[in-house]
Amino acid sequence: MRMIMLGPPGAGKGTQAKRIANEFKIPHISTGEILRNAIKDKTPLGEKAQEYMQKGLLVPDEIVTGLVKERVKEPDCDNGFILDGFPRTINQAKSLEDMGIGIDSVININVCEEDLIERFTGRRVCKTCGATFHIKFDPPSKPNICDKCQGELIIRADDEMSTVKKRLKVYTEQTAPLIDFYKNKKLLIDIDGTKPIDEVFSSILKRLRGEAV
Ligand code: ADP
Ligand code: ADP
Ligand code: ZN
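Here the residue index of a chain counts from 1 through its sequence in written order. Written order decides the labels, with chains lettered from A and ligands numbered from 1. Two thresholds apply to this predicted model, a pLDDT of at least 70 for residue-level local features and 80 or more for giving and counting side-chain atom pairs, whereas whole-chain, interface and lining totals are computed over all residues. Side-chain measures here rest on the full set of heavy atoms in the structure, leaving out hydrogens and waters.

Chemist: Looking at this model, I keep getting lost on the pattern of salt bridges. Mind explaining?
Modeler: Side-chain pairing between opposite charges can occur once the charged atoms of the two side chains come close. The rule for a salt bridge is simple: a side-chain nitrogen of Lys or Arg has to be within 4 Å of a carboxyl oxygen of Asp or Glu. One pass over the full model with this rule turns up 14 salt bridges. Among the salt bridges present, the one from Glu 118 reaches Lys 136, with a minimum N-O distance of 2.8 Å. Of the two residues, Glu 118 is situated in helix α6 (residues 113-122) and Lys 136 in the loop between β6 (132-134) and β7 (153-154); the sequence distance between them amounts to 18 residues. Three labels apply to residues, based on accessible area from a 1.4 Å probe with only protein chains included: buried if under 20% of the type maximum, exposed if over 50%, partly exposed otherwise in between. A relative accessible area of 34% means that Glu 118 is categorised as partly exposed. When salt bridges that share partners are traced, they join Arg 123, Arg 156, Asp 158, Asp 159 and Arg 167 into one network. Secondary structure follows DSSP: runs of H or I at least 4 residues long count as helices, runs of E at least 2 residues long count as strands, and numbering of each begins at the N terminus.

As structure tokens, then:
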């Protein structure tokens, strides 16, 4: 059970990956989350990554690939994992193959740009634990307070509109080619991500179980 979540920024990869991880009892590996934690902890990795992330650019392949290589060696990955936000370039996908890590399914979440903008604008993340909410589509029970740890909810630094535009452009140029890359390998599962969170999740489960939707 080794899976990849693919899709433009803001499509709901993290939201769905958490649920899938829970359902199949496998770890959720989000490179964005690992990098944000490194920035929060002011590690050398964090300092390097921040330069790129604040501009909406991809962190260099060697850095991210190194992180993933170490993470998937952990014993909790023995029965599989779900990669969220990696690979993001053809080069990263090839590195995954070079590591000898075979992938079973690539879940590609499709959302139009108009909906993406609405998702970015309303996204709120917990300053303490990183949990994600949406002011309209997935609101916390108390405004601006994390349901999981009572931490403060903030707007992600790279969700500012000019950075979002840059990230969408980077996605189209560098990440979208992965759709054909995995389609050719017959691994791609296309999902309509415009539906509400629960519906998207149940269509992913159906497709993973090989049922028609
Ligand atoms: P990604 O990891 O792809 O950047 P997120 O999972 O963080 O995306 O989702 C982006 C924002 O949209 C979050 O605020 C999340 O709560 C919200 N969201 C996720 N899935 C849906 C959905 N199906 N419908 C509406 N909002 C969603
Ligand atoms: P989103 O899906 O909303 O863009 P992520 O949390 O996946 O958010 O990523 C946030 C940022 O972290 C990216 O814009 C990029 O700068 C960096 N990042 C995450 N994963 C990778 C990756 N695989 N390769 C390069 N940069 C990455
Ligand atoms: Zn929290």
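Read on for the rest.
Chemist: Help me understand the environment of Lys 13, please; the structure alone is not making it clear to me.
Modeler: Tracing the backbone through its elements, the reader meets Lys 13 in helix α1 (residues 13-24). For Lys 13, a relative accessible area of 9% puts it in the buried group. With sequence-adjacent residues up to four places away left out, Lys 13 is seen in contact with Met 5, Leu 6, Gly 7, Pro 8, Asp 84 and Ile 109. Residue contacts follow a heavy-atom distance rule, with two residues in contact if any of their heavy atoms lie within 4.5 Å.

Chemist: Explain the site of ligand 1 to me, please; I cannot follow it from the model alone.
Modeler: Near ligand 1 lie 20 residues; those nearest to it are Lys 13, Thr 15, Arg 123, Phe 133 and Lys 195. Polar contact is the term for a pair of N or O atoms within 3.5 Å; when the atoms are in protein, one must be able to donate a hydrogen and the other to accept it, and sequence-neighboring residues count only if both atoms are side-chain atoms. The backbone of Ala 11 places a nitrogen or oxygen atom 3.2 Å from an oxygen atom of ligand 1. Between ligand 1 and Arg 119 there is a distance of 3.3 Å, counted from a nitrogen atom to a side-chain nitrogen or oxygen. Protein contact buries 94% of the 560 Å² of open area that ligand 1 shows by itself. Those elements that place two or more of their residues in the shell around ligand 1 are α1, β6 and α9 (197-208). For this classification, Asp, Glu, Lys and Arg are treated as charged, while Ala, Val, Leu, Ile, Met, Phe, Trp, Tyr, Cys and Pro are nonpolar and the rest, including Gly, are polar. Of the residues in the shell around ligand 1, the class split is 8 nonpolar, 7 polar and 5 charged. When at least one non-hydrogen atom of a residue lies within 4 Å of a molecule or strand, that residue is treated as near it. All accessible areas in this document rest on Shrake-Rupley with a 1.4 Å probe, and a residue is counted as covered only by the protein chains that are shown.

Chemist: Is there a simple way to explain the coordination of the zinc ion (ligand 3) in this structure?
Modeler: Water is not among the atoms examined, so metal sites may look incomplete; donors are the N, O and S atoms within 2.8 Å of the metal, or within 3.2 Å for Na, K and Ca. Looking at the metal site, the zinc ion (ligand 3) is ligated by Cys 126 (SG), Cys 129 (SG), Cys 146 (SG) and Cys 149 (SG), spaced 2.3 to 2.4 Å from it. Between consecutive donor residues of the zinc ion (ligand 3), the sequence gaps follow C-x2-C-x16-C-x2-C. Of this pair, Cys 126 sits in strand β5 (residues 123-126) while Cys 146 sits in the loop between β6 and β7; the two residues are 20 residues apart in sequence, bridging distant segments of the chain. The burial state of Cys 126 is the same as that of Cys 146; both residues are buried.

Chemist: Is there a simple way to explain the sheet that holds strand β8 (residues 188-192) in this structure?
Modeler: Backbone-to-backbone hydrogen bonds join strands into a sheet, with any given pair of strands oriented parallel or antiparallel. Within the open sheet, the 5 strands sit side by side as β2-β3-β1-β4-β8. Their pairing is parallel. Each edge of the open sheet carries a strand with a single partner, namely β2 (28-30) and β8. Each strand axis lies, on average, 20 degrees off the axis of its neighbour in the sheet, ignoring direction. When strand β4 (residues 105-110) meets β8, the two strands line up parallel, connected through 5 bridges. Within the sheet, the bridge partner assigned to Val 106 lies in β8 and is Leu 188. Here, axes are lines fitted to C-alpha atoms. For helices the fit covers the stretch in contact, and angles between N-to-C directions go from 0 to 180 degrees. In the packing of α9 onto the sheet, the strands contacted are β1 (2-6), β4 and β8, and the crossing angle to β8 comes to about 155 degrees. Whether two strands pair comes down to DSSP finding at least two bridges between them.

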